[in-house]
Each structure stands twice: as C-alpha cells, then as structure tokens.
Amino acid sequence: MLLGVIADDMTGATDVALMLNRAGMRTVQVIGAPAAGAKLPEADAVVVALKSRTNPVAEAVADSLAACEALLAAGARQILFKYCSTFDSTAKGNIGPVADALMQRLNAHQAIVCPAFPANGRSIFQGYLFVGEVPLQESSMKDHPLTPMRDANLMRLMGAQTPQKVGLASYASVNQGAAAVRKRLAELAADGVRYVVTDALDNGHLMVLGEAISDHVLLTGGSGIAMGLPENFRKAGLLPWRETATHLAAPTGRAGIISGSCSAATRGQIKAALAVGIPALKVDPLALAGGQQTAKELADWALAQPVDKPFLVYSSDDPAEVASVQDKLGRDKAGEIVEHAFAELARLLNAGGVTRLLVAGGETSGAVVQGLAIRTLEIGPEIDPGVPWTRVVDGPEMVVALKSGNFGAPDFFIKAWGLLR
Ligand code: ADP
C-alpha cells in the first residue's frame, strides 16, 4: 500500500476514495477504526472511514491514531487526514487535535491544510475559504446544526484548534509551481510554522500542491488535495498505470433496491423506477412499529418477485407524511424503526440470494452496512457523481452502492445495473 487516508466521516471517505480511484489507484474503504493488530486489505490506497467529525475530541484522536497505526502497519508511505471541504469543525476541533496527534505520531515537521475542492466550488484565496462566490461564513454552513462556520480565515480557524504555529502559502507561490511552493514551505518551516494553509483556486493548483508535498509524510485537507498524489507514486515508479474500471464484476445473484431516504432526489428516483415497472413495495413505518409489518414479510415479498428484474422496497415519503409519522412515533424512534427493519431486511435478502444491492440514504446505508456486517469495500465505477458501485471485500460476497440522499440523477435506480458484469 502506498497511501493511507483517515477520513472523518463515511461519505467523505467515499468521496476521497473515488478521487483516488479515478486518478488510477486501486482503493479500498474500511469502515470504522481498525482493531489493534487488524490486517488491512491489499490495495494502492486504503481509506479508513471514521465518525470523528463531531464526537468527543479524545475519541476522535484515539480512533484516528488507531487508523494511522493500521495504515502504517500495512505499508502506507504517506497519510492524508481528510476532512470536509467546508472545514466542518468547532472551536475545539476535531481537526486541530487529530492533526496534532498524527503529526506527533508520524514525526512530521510540517503539514499543509487544504480543504479546497474547486470542482465543488470550494476554493482558497489568501487563506480564506470560499463556497461558490461567498466566504465560508456567508454560506449555508453558518447555520449548520453541529458545526456552524462563522469565519472563513483558515489560519484563524486552524490556529484556534492547535498550539502549533499556522502560516500561509498563498496564490503568489502556488501559481508559480511546485518549486515555488517548496521554497515557501521551507521559509515557513524556518520560521517554526508547522501547519501551512495553501491557496488553491483550480485543479491545476491542487496538482502543483500534490507535487510540492510529495515528501510530506502527513497532509491534511479535503478530497481535492488527493488529486495530485497518485502522480507522485507513478513518477517514483511505485504505481503502475491503472485504467479506471468502467464495469464491476458482480457475483451471480439477484438485484434489489432498499430506500430509506426521503430526500427530494431519491423520491424522484423512486418515481422514475415505478414508471418503468420496477416491482415496488412501500413500507409503512407505523405498521412496522405496531408489528403488523415485519422485515421477514418485506423480504418474502421481495424474493417472490421475478428474478430477472431488480425490486424496490422503500419507506421514502414526502415531508408531510414523514412529519406525521414522526409526530406519532417521535423523530428518532421513527428513524430507528425503519433503519432497524432495513438492516434486518438486507440480511434476509442476502441470505435469499441477493448479491447486488442499491441502498438510498446516508443513515439507511449505515444501518444496512452494519446489518450485513460489511467491514471493507473496494471502490468500483462511479454511477453518478459521488456514488460508486463497491465490491464487499470483508463481509458477504456481494456488490453494493450506497447513495447519500440527494445524490444521483433521476434514472439512478434504472441505469446503475448497466455498470455490472
Ligand atoms: P438521506 O441521505 O436522504 O438523509 P437517511 O437514510 O440518512 O437519508 O435518513 C432518512 C431517515 O429517515 C432515516 O433515519 C430513515 O429511517 C427515516 N425514514 C425513512 N422513511 C421514513 C418515513 N416514511 N417516516 C419517517 N422516517 C423515515
């Protein structure tokens, strides 16, 4: 293994894994902090997906160090600490404390701080983070329920989370190329600067930065910064040229869709699936709560459908219906009941021969992954931006696509199967 990535949440992990896969690295995603001594799968890059963005600092640090240890043991030459491109964190962390702990563990003298992801409108200029055309604190991130971002100055944001000195490698050097960036990093190092915020306004800047920090053992940033890393390994003769696979070999078996996402995009995808005649069963959360409907019945219905088509089991509903269910059951309870049923359903479907599964909904995906005891996923071809097919490496023999609610085009549930062989 060449590159180890520690991602502070699940969808962020998939995001960076896709980026690396697209740039020619065979990438595997591991879910959760690896146990001490656990062996990681063989791949060019391994991304450990943690849930360390907003949990207590000590826990986030411990999980990140455990991930780091496993990645080093598997041969990682460079560690990327991946966080959100909007620098989602509080005044206390967890970005600063986790970066500090990794810096110490890796004996790193300096690390860049680069959440930029220009393709998604996240750019950095003079150390200020922009979302589209507005500075971070004017974007919708100012009202985020867990990590409201009220400043766009990355030196101040990072400076508040670490005792280490924070500096800036601005556009002036980044725009001149890798040699100029290296010179600037050395100047800052001589001045005792351990964290360097780096400007990046486009993909060209990310490639320059990737080249400039080829010898850094630790880097921190969003998934954009991963873009320039594979080329370093290729130049060093460590990584053969790999074509990005356009199809994924899937085990023979049946295909199914589970949707617990109530997001607008998912509801549109369900409508499109119904319109082309995909057999579908709508789940009633109140019936699940009352025991009139069970996961076993859902599975029996699904497995009785024609084998040559995917089936769809969904609880997705419009906001008014969801609100009415939540009124009756309580918001957390409603979510829990549906998630629990879908986790059990996924298990029963797999036992019944389903080996190709699409799951819609972030929380729903988490529940299904847990239900199926999936620990490791190999990233395959991208169905729509941000959503790849993945092959389960550690867990049941199957392929899954985990779709975050608002992702995917309207025909997502229809076209995804065409990428499987
Ligand atoms: P998304 O990615 O679209 O946000 P999630 O799966 O993360 O989707 O979240 C949807 C949540 O809503 C889950 O907790 C799910 O169990 C719950 N849920 C699904 N269907 C219903 C419904 N009909 N009524 C109430 N809650 C629901």
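Just so we're clear, the structure is a prediction, and the values are computed from it rather than from any experiment. (Residues numbered from 1 in each chain as written. Predicted model: local features only at pLDDT ≥ 70, side-chain atom pairs only at ≥ 80, totals over all residues. Heavy atoms only, no water.)

## Description of the site of the ligand
Around the ligand sit 17 residues, and of these S261, S263, E339, E363 and T364 come closest. At 2.7 Å, a backbone N or O of E363 approaches an oxygen atom of the ligand. The side chain of T364 places a nitrogen or oxygen atom 2.6 Å from an oxygen atom of the ligand. Alone, the ligand offers 570 Å² of accessible surface; in the complex the protein occludes 84% of this. Taken together, the residues of the shell around the ligand sort by class into 5 nonpolar, 9 polar and 3 charged. (Near = heavy atom within 4 Å. Polar contact = N/O pair within 3.5 Å; in protein donor to acceptor, adjacent residues only side chain to side chain. Areas by Shrake-Rupley, 256 points an atom, 1.4 Å probe, with all protein chains shown as cover. Nonpolar A, V, L, I, M, F, W, Y, C, P; charged D, E, K, R; others polar.)

## Here's the deal with the layout of surface pockets
Take a probe with the size of a water molecule and roll it over the atoms, and the empty space left behind shows itself. Roughly 220 Å³ of internal volume is contained in the second largest pocket. Surrounding the second largest pocket, 16 residues form its lining, N21, R26, A245, E378 and I379 being those nearest its centre. Residue classes in the lining of the second largest pocket are distributed as 6 nonpolar, 5 polar and 5 charged. (1 Å grid on protein atoms, 1.4 Å probe; cavity = no way out; pocket = protein on both sides within 12 Å on 5 of 7 lines; lining within 4 Å. Points joined across faces, edges and corners; volume = space filled by probe spheres on them.)

## Examining the pattern of salt bridges
Evaluated as defined, the whole model comprises 21 salt bridges. Notably, a salt bridge pairs D9 with R53, separated by 3.4 Å at the nearest N-O pair. Of this pair, D9 sits in the loop between β1 (3-7) and α1 (10-22) while R53 sits in the loop between β3 (45-49) and α2 (57-73), placing them 44 residues apart in sequence. We classify R53 as buried; its relative accessible area is 16%. (Salt bridge = Lys/Arg side-chain N within 4 Å of Asp/Glu carboxyl O. Helix = DSSP H or I, 4+ residues; strand = E, 2+ residues; numbered from the N terminus. Buried < 20%, exposed > 50% of the residue type's maximum accessible area, 1.4 Å probe, protein only.)

## Let's talk about the domain arrangement of the chain
Taken as a whole, the chain is organised into domain 1 (3-235) and domain 2 (254-419). Facing 17 residues of domain 1, the contacting portion of domain 2 comprises 15 residues. Counting each side, the surface lost to burial between domain 1 and domain 2 is near 1200 Å², with a carbon and sulfur contribution of 60%. A per-residue breakdown of the area domain 1 buries against domain 2 is headed by L18, Q29 and I31, which together make up 39% of the total. Between domain 1 and domain 2 we count 2 salt bridges in total. R26 is paired through a salt bridge with E378; the nearest N and O atoms lie 3.9 Å apart. Those elements that provide at least two residues to the side of domain 1 that touches domain 2 are α1 and β2 (27-31). No other element matches α1, which puts 7 residues into the side of domain 1 that touches domain 2. For the side of domain 1 that touches domain 2, a count of residues per class yields 9 nonpolar, 6 polar and 2 charged. (Domains from an automatic or database assignment. Contact = heavy atoms within 4.5 Å. Buried area = accessible area lost by both parts, 1.4 Å probe.)

## Let's talk about the sheet that holds strand β7 (residues 128-131)
Sheet strands line up and pair through hydrogen bonds in the backbone, either parallel or antiparallel. Within the open sheet, the 3 strands sit side by side as β6-β7-β8. Their pairing is antiparallel. Sheet topology places β6 (122-125) and β8 (134-135) at the edges, where each strand pairs with a single neighbour. (Pairing = 2+ DSSP bridges.)

## Thoughts on the environment of Q29
Mapped onto the secondary structure, Q29 falls in strand β2. Through-space distance from the C-alpha of Q29 to that of D44 is 11 Å; in sequence the pair is 15 residues apart. The contacts of Q29, once residues within four sequence positions are left out, are M10, A13, T14, A17, V47, A49, R375, T376, L377 and I379. Polar contacts involving the side chain of Q29 include one to the side chain of T14, which spans 3.2 Å.

## A word on the UniProt feature "domain: Four-carbon acid sugar kinase N-terminal" (unreviewed entry) in the chain
Under the UniProt annotation, the feature "domain: Four-carbon acid sugar kinase N-terminal" (unreviewed entry) is placed at residues 3-229. Spanning residues 3-229, this segment combines 33% helix with 22% strand, and its end C-alpha atoms are found 9 Å apart. (UniProt positions renumbered as here; feature names shortened; annotations may be inferred.)

## Regarding the packing of aromatic side chains
Under the criterion given, the structure shown has 5 aromatic pairs. Consider the rings of F81 and Y83, whose centres lie 5.4 Å apart with planes at 75°: the pair is edge-to-face. Summarising the burial analysis for this pair, F81 and Y83 share the class buried. Judged by centre distance (5.6 Å) and plane angle (55°), the ring pair of W389 and W417 falls under tilted. Of this pair, W389 sits in strand β17 (residues 387-394) while W417 is found in the segment after α15 (412-415), placing the two residues 28 residues apart along the sequence. Accessibility classification places W389 together with W417 in one group, the buried group. Joined through ring pairs, the aromatic side chains of F81, Y83 and F87 make up one cluster. (Phe/Tyr/Trp six-rings, centres within 6.5 Å; stacked < 30°, edge-to-face > 60°.)

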